[in-house]
Amino acid sequence: DGGITQSPKYLFRKEGQNVTLSCEQNLNHDAMYWYRQDPGQGLRLIYYSQIVNDFQKGDIAEGYSVSREKKESFPLTVTSAQKNPTAFYLCASSLRTRITDTQYFGPGTRLTVL
Amino acid sequence: KQEVTQIPAALSVPEGENLVLNCSFTDSAIYNLQWFRQDPGKGLTSLLLIQSSQREQTSGRLNASLDKSSGRSTLYIAASQPGDSATYLCAGGGDSNYQLIWGAGTKLIIKP
């Protein structure tokens, strides 16, 4: 089965902790994305990557970091610098970063700050 | 700055009705437009993609159209079913960049 997996499904963070959200795809897509979803708002782009070893900041990158060491993997770290991290995080991939390429989404990770 | 509005924010209709969801952009220069479905607590599933050269797309009971002159899109759902209950999001992009701009979604409930 081709698709995108995210883990964990639920994650709890204490104040001051860094946590890492996993995203893996076996669709052989070059492009991967991280979005944040808050109630009543549209998805907001955190980071995106067009190719291995390359990534770019989106609209709300502050307090987050990513890496793209493998084509299949694009983990997101939520650092202690992110002051309001409670949200639903969605990872997506597409063949390339062309606006015409359909994005395929993982099931999401819900992060809660304790 | 491009912004997207989806109206209504929530909609509840009896099973079998035809319905229309709306999506409008502050900047009418939309290169393409996509509609997604999101079930509670889940990721998004792409429903329809309207490319720059197209005005509408159809898939089964779903039809999406894009009026580029006004920057508005509609998603038409025919003969609604309880399984259609979900949040529907639209997203669009201009031709100068890769990034999609997202609406907040319309939460649709189909009552049996």
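What you see is a predicted model, and the numbers here were worked out from it, not measured in a lab.

Thresholds, definitions, all that
- In this numbering scheme, every chain counts its residues from 1 along its sequence in written order.
- Labels are handed out in written order, letters beginning with A for the chains and numbers beginning with 1 for the ligands.
- Where local features are concerned, this predicted model is filtered to residues with pLDDT of at least 70; where side-chain atom pairs are given and counted, the filter is 80 or more; whole-chain, interface and lining totals use all residues.
- Values reported for side chains reflect all heavy atoms of the structure, with hydrogen atoms and water molecules removed beforehand.
- Strands here mean DSSP runs of E at least two residues long; helices mean DSSP runs of H or I at least four residues long; both are numbered from the N terminus.
- The globule rule used here is 2.2 Å times the number of residues to the 0.38 power, and the radius of gyration it is set against is calculated over C-alpha atoms.
- We call a residue buried when its accessible area falls under 20% of the maximum for its residue type, exposed when it is over 50%, and partly exposed in between, using a 1.4 Å probe and counting protein chains only.
- In this description, contact between two residues means that some pair of their heavy atoms is separated by no more than 4.5 Å.
- DSSP calls a pair of strands paired once it identifies at least 2 bridges connecting them.
- Lines are fitted to the C-alpha atoms to define the axes, a helix being fitted only along its stretch in contact, and any angle between axes, read from their N-to-C directions, falls within 0 to 180 degrees.
- Only one rule defines a salt bridge in this text: a Lys or Arg side-chain nitrogen within 4 Å of an Asp or Glu carboxyl oxygen.
- Within 3.5 Å is the distance limit for a polar contact, defined as a pair of N or O atoms, with the added protein rule that one can donate a hydrogen and the other accept it, and that residues adjacent in sequence qualify only through two side-chain atoms.
- Each residue is assigned to one of three groups, with Ala, Val, Leu, Ile, Met, Phe, Trp, Tyr, Cys and Pro labelled nonpolar, Asp, Glu, Lys and Arg labelled charged, and all others, Gly among them, labelled polar.
- Criterion for a disulfide: a pair of cysteine sulfur atoms at a distance within 2.5 Å.
- Grouping into patches uses exposed residues only, defined as over 30% relative accessible area, and leaves out salt-bridged ones; the cut-off is 9 Å for like charges and 5 Å for nonpolar side chains (Val, Leu, Ile, Met, Phe, Trp, Tyr).
- Computed by Shrake-Rupley with a 1.4 Å probe, the accessible areas treat only the displayed protein chains as cover when residues are assessed.

Caption draft 1: Molecular detail of the overall build of chain B. Of regular secondary structure, chain B possesses zero helices and eleven strands. Its C-alpha atoms give chain B a radius of gyration of 13 Å, near enough to 13 Å, the size a compact globule of 112 residues would have. Considering only C-alpha atoms, chain B reaches an extent of 45 × 25 × 20 Å along its principal axes. Here chain B holds 112 residues, and 45% of them are scored as buried. Counting contacts in chain B only where the partners sit at least 6 residues apart, residues at least 24 apart contribute 54% of the total.

Caption draft 2: Local environment of the sheet that holds strand E3 (residues 19-25) of chain B. Residues and elements named next belong to chain B. Strand order in the open sheet made by the five strands is E1-E3-E8-E7-E6, with antiparallel pairing throughout. At either margin of the open sheet sits one strand with a lone partner, and together these are strand E1 (4-7) and strand E6 (56-59). Averaged over all pairs of adjacent strands, the angle between strand axes in this sheet comes to 15 degrees, irrespective of strand direction. As paired strands, E1 and E3 are joined by four bridges and run antiparallel to one another. Each residue of the ladder has a partner; that of Thr5, found in E3, is Ser24.

Caption draft 3: Quick look at the interface of chain A and chain B. Across the contact, 20 residues belong to chain A and 22 residues belong to chain B. Remark: the boundary between chain A and chain B carries zero salt bridges. Linking chain A to chain B there are three residue pairs in polar contact (both at pLDDT 80 or more). Broken down by secondary-structure element, the contributors of at least two residues to the side of chain A that touches chain B are strand E4 (31-37), strand E5 (44-51) and strand E9 (87-94) of chain A. For the side of chain A that touches chain B, the per-class residue count stands at nine nonpolar, nine polar and two charged.

Caption draft 4: Focus on the sheet that holds strand E1 (residues 4-7) of chain A. Residues and elements named next belong to chain A. Strand order across the open sheet formed by four strands is E1-E3-E8-E7, with antiparallel pairing between neighbours. On the outer flanks of this sheet lie E1 and strand E7 (64-66), each paired with one strand and no other. Direction aside, the axes of adjacent strands within the sheet are offset by 20 degrees on average. Looking at chain direction, strand E3 (residues 19-25) and strand E8 (residues 76-78) are connected through three bridges and run antiparallel. Along E8, the bridge assignment pairs Leu21 with Leu76.

Caption draft 5: Seen up close, the state of the cysteines. For the structure on display, the rule yields two disulfides over all chains. Here Cys23 of chain A engages in a disulfide with Cys91 of chain A; their sulfurs sit 1.8 Å apart. Because the sign of the S-S torsion sets the handedness, a value of about -70 degrees for the bond joining Cys23 of chain A and Cys91 of chain A places this disulfide among the left-handed ones. Taken together, the positions of Cys23 of chain A in strand E3 and Cys91 of chain A in strand E9 put the pair 68 residues apart, joining distant regions of the chain. Among the residues examined, Cys23 of chain A registers a relative accessible area of 0% and is labelled buried. One disulfide in the model links Cys23 of chain B with Cys90 of chain B; its S-S distance is 2.0 Å. On the sign convention where negative is left-handed, the bridge of Cys23 of chain B and Cys90 of chain B, at about 80 degrees about the S-S bond, is right-handed. With Cys23 of chain B in strand E3 and Cys90 of chain B in strand E9 (residues 86-93), the pair connects residues that are 67 residues apart, well separated along the chain.

Caption draft 6: Layout of a nonpolar patch on the surface. Residues and elements named next belong to chain A. A surface patch of nonpolar side chains, about 380 Å² in accessible area, is lined by Tyr10, Phe12 and Leu114. Within the fold, Leu114 resides in the segment after strand E11 (109-113). Classification of Leu114 by relative accessible area gives exposed; the value is 60%.

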